[in-house]
Amino acid sequence: MIASDLRSGVERLGDMIAEARTIVPFTGAGISTECGIPDFRSPGGIWTRHRPIPFDEFVASRAARDEAWRRRFAMEPTFAAAKPGRGHRALASLYRVGKVPAVITQNIDNLHQASGFAPDHVVELHGNTTYARCIGCGQTYQLDWAKRCFDEAGGAPDCMSCGEPVKTATISFGQAMPEDAMQRATELSQHCDLFIAIGSSLVVWPAAGFPTMAKSSGARLVIVNREPTDQDDIADLVIRHDIGETLGPFVGN
Ligand code: NAD
């Protein structure tokens, strides 16, 4: 059912939240646009300006790695300045009162952790861009270190332990999904009674499979996104409005 207007959508969502015992939110880039971080696919989104760099290209080409790091450093003022928005804060409120065991996110911006979720309760399907990791041995690095290396060597950093390339700790197209996060997201999706997909175009797979998985495991499905998605047909409630306005009323003390 598509909510006829914002008010009736918020009311119905409030009822569903009250009736639910275990709520699993699933978030995409749209929850962070009000925090100043552009999404990928909206007009003005990141992909209207840059072609994504697939993982095999990052591994094979130093020029691609240099470009990936240049783009990341160019985004740093945006990521560093971003604070949790109303959507993040509403989910953190539901987490604090014990209704939400964990959030599944496609986002890489660390804003769920910043809003009050314990890091263990943020299931990151696509990693985290606020630190870096060696693609060979997995050693983690701070971004400051990567920036210093980049400035001194004039290009992308390599691991101090094994010499392999260092990349932001994100999952690029063509890169294997993190097994642990996929497993935890599966369990959460199968064991909730309300699943709320927020700010995702639901076109990136396998992440986009979780709303359907939750629905077919018996949960009610709510989709909050200002544009239609391919899964609206199976949702119990679709709210096609701004996320901050929709979830703002659920921000607690
Ligand atoms: P997407 O860009 O494909 O879709 C975002 C959706 O959110 C769009 O359908 C858009 O209409 C909607 N939206 C944007 N702002 C909104 C608002 N204020 N209210 C309501 N709806 C809004 O993003 P996605 O589905 O998350 O998938 C793509 C990939 O983007 C993910 O893998 C993620 O890693 C990556 N990404 C993350 C960030 C971030 O961490 N903040 C930013 C850009 C991209």
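Residues numbered from 1 in each chain as written. Predicted model: local features only at pLDDT ≥ 70, side-chain atom pairs only at ≥ 80, totals over all residues. Heavy atoms only, no water.

A. Fine view of the site of the ligand. Taken together, 27 residues form the shell around the ligand, and within it Arg41, Gln106, Asp109, His126 and Ser201 come nearest. Measuring from a nitrogen atom of the ligand, one finds a side-chain N or O atom of Thr33 at 2.9 Å. When the ligand sits alone it has 860 Å² of accessible area, and the protein chains cover 97% of it. Taken together, the residues of the shell around the ligand break down into eight nonpolar, 13 polar and six charged. (Near = heavy atom within 4 Å. Polar contact = N/O pair within 3.5 Å; in protein donor to acceptor, adjacent residues only side chain to side chain. Areas by Shrake-Rupley, 256 points an atom, 1.4 Å probe, with all protein chains shown as cover. Nonpolar A, V, L, I, M, F, W, Y, C, P; charged D, E, K, R; others polar.)

B. Summary view of the packing of aromatic side chains. This model, assessed by the stated rule, comprises five aromatic pairs. Grouping aromatic residues by their ring pairs yields a cluster made of Trp69, Phe73 and Phe150. For the cation-ring pair, Lys167 lies above Phe58, with the distance from its terminal atom to the ring centre recorded as 6.0 Å. (Phe/Tyr/Trp six-rings, centres within 6.5 Å; stacked < 30°, edge-to-face > 60°. Lys NZ or Arg CZ within 6 Å of the ring centre and 35° of its normal.)

C. The arrangement of the domain arrangement of the protein in detail. Domain boundaries assigned for the protein yield domain 1 (1–36 + 84–125 + 177–253) and domain 2 (38–81 + 127–170). Using only C-alpha atoms to locate each centre, domain 1 and domain 2 end up separated by 27 Å. Tallying the contact residues gives 15 residues for domain 1 and eleven residues for domain 2. Carbon and sulfur atoms make up 52% of the area that domain 1 and domain 2 hide from each other, which totals about 1,000 Å². The largest contributions to the domain 1 side of the interface with domain 2 come from Gly36, Ile108 and Glu124, which together make up 40% of the buried area. Seen at the junction of domain 1 and domain 2, the total is zero salt bridges. (Domains from an automatic or database assignment. Contact = heavy atoms within 4.5 Å. Buried area = accessible area lost by both parts, 1.4 Å probe. Salt bridge = Lys/Arg side-chain N within 4 Å of Asp/Glu carboxyl O.)

D. Main features of unusual backbone geometry. At the junction of Trp205 and Pro206, the peptide bond is cis and its omega measures out at 10 degrees in the coordinates. Mapped onto the secondary structure, Pro206 falls in the loop between β7 (194–198) and α8 (209–216). One non-glycine residue, Asn110, lies in the positive phi region at around 70 degrees. You can see Asn110 is positioned in the loop between β2 (103–105) and α5 (111–115). Even without a glycine there, the phi angle at Leu202 is positive, about 55 degrees. Examined against the element boundaries, Leu202 turns out to sit in the loop between β7 and α8. (Helix = DSSP H or I, 4+ residues; strand = E, 2+ residues; numbered from the N terminus.)

E. Fine view of the sheet that holds strand β4 (residues 127–134). The strand order β5-β4-β6 describes an open sheet built from three strands, whose pairing is antiparallel. The sheet terminates laterally at β5 (140–141) and β6 (166–170), the two strands that pair on one side only. The strands that helix α6 (residues 143–153) touches are β4, β5 and β6; relative to β4, the one it contacts most, it runs at about 60 degrees. (Pairing = 2+ DSSP bridges. Axes fitted to C-alpha atoms, helices over the stretch in contact; angles between N-to-C directions.)

F. Spotlight on helix α1 (residues 6–19). Under the 1.5 Å per step criterion, the end-to-end length of α1 is 20 Å for 14 residues, consistent within 8% with the ideal 20 Å. Taken together, the buried positions of α1 are Gly9, Val10, Leu13, Met16 and Ile17. Each buried residue of α1 lies within a common arc of 125 degrees when the element is viewed along its axis, so the set occupies one face. Opposite its buried face, α1 presents the exposed residues Arg7 and Ala18, each directed more than 90 degrees away. Looking at the buried side of α1, the elements it contacts are β1 (23–27), α4 (86–96), β7, β8 (220–224), β9 (237–239) and α9 (243–247). Between the side-chain oxygen of the N-cap and the backbone nitrogen of Arg7 there are 3.3 Å, and the N-cap of α1 in question is Asp5. (Expected span 1.5 Å × (residues − 1). Buried < 20%, exposed > 50% of the residue type's maximum accessible area, 1.4 Å probe, protein only. Arc of directions from axis to C-beta.)

G. Structural view of the environment of Gly14. Note on placement: Gly14 falls in helix α1. Residue Gly14 is classed as partly exposed on the basis of its relative accessible area of 21%. Separated by 236 residues in sequence, Gly14 and Phe250 place their C-alpha atoms 8.0 Å apart.

H. The pattern of salt bridges, seen in detail. In this structure the tally under the stated criterion is twelve salt bridges. For Arg51, the salt bridge identified is with Glu57, shortest N-O distance 3.0 Å. On the accessibility criterion, Glu57 (27% relative accessible area) is partly exposed. Across the pair Glu67 and Arg70 runs a salt bridge, and its minimum N-O distance is 3.5 Å. Of the two residues, Glu67 and Arg70 are both situated in helix α3 (residues 62–81); the distance of three residues between them amounts to about one turn of the helix.

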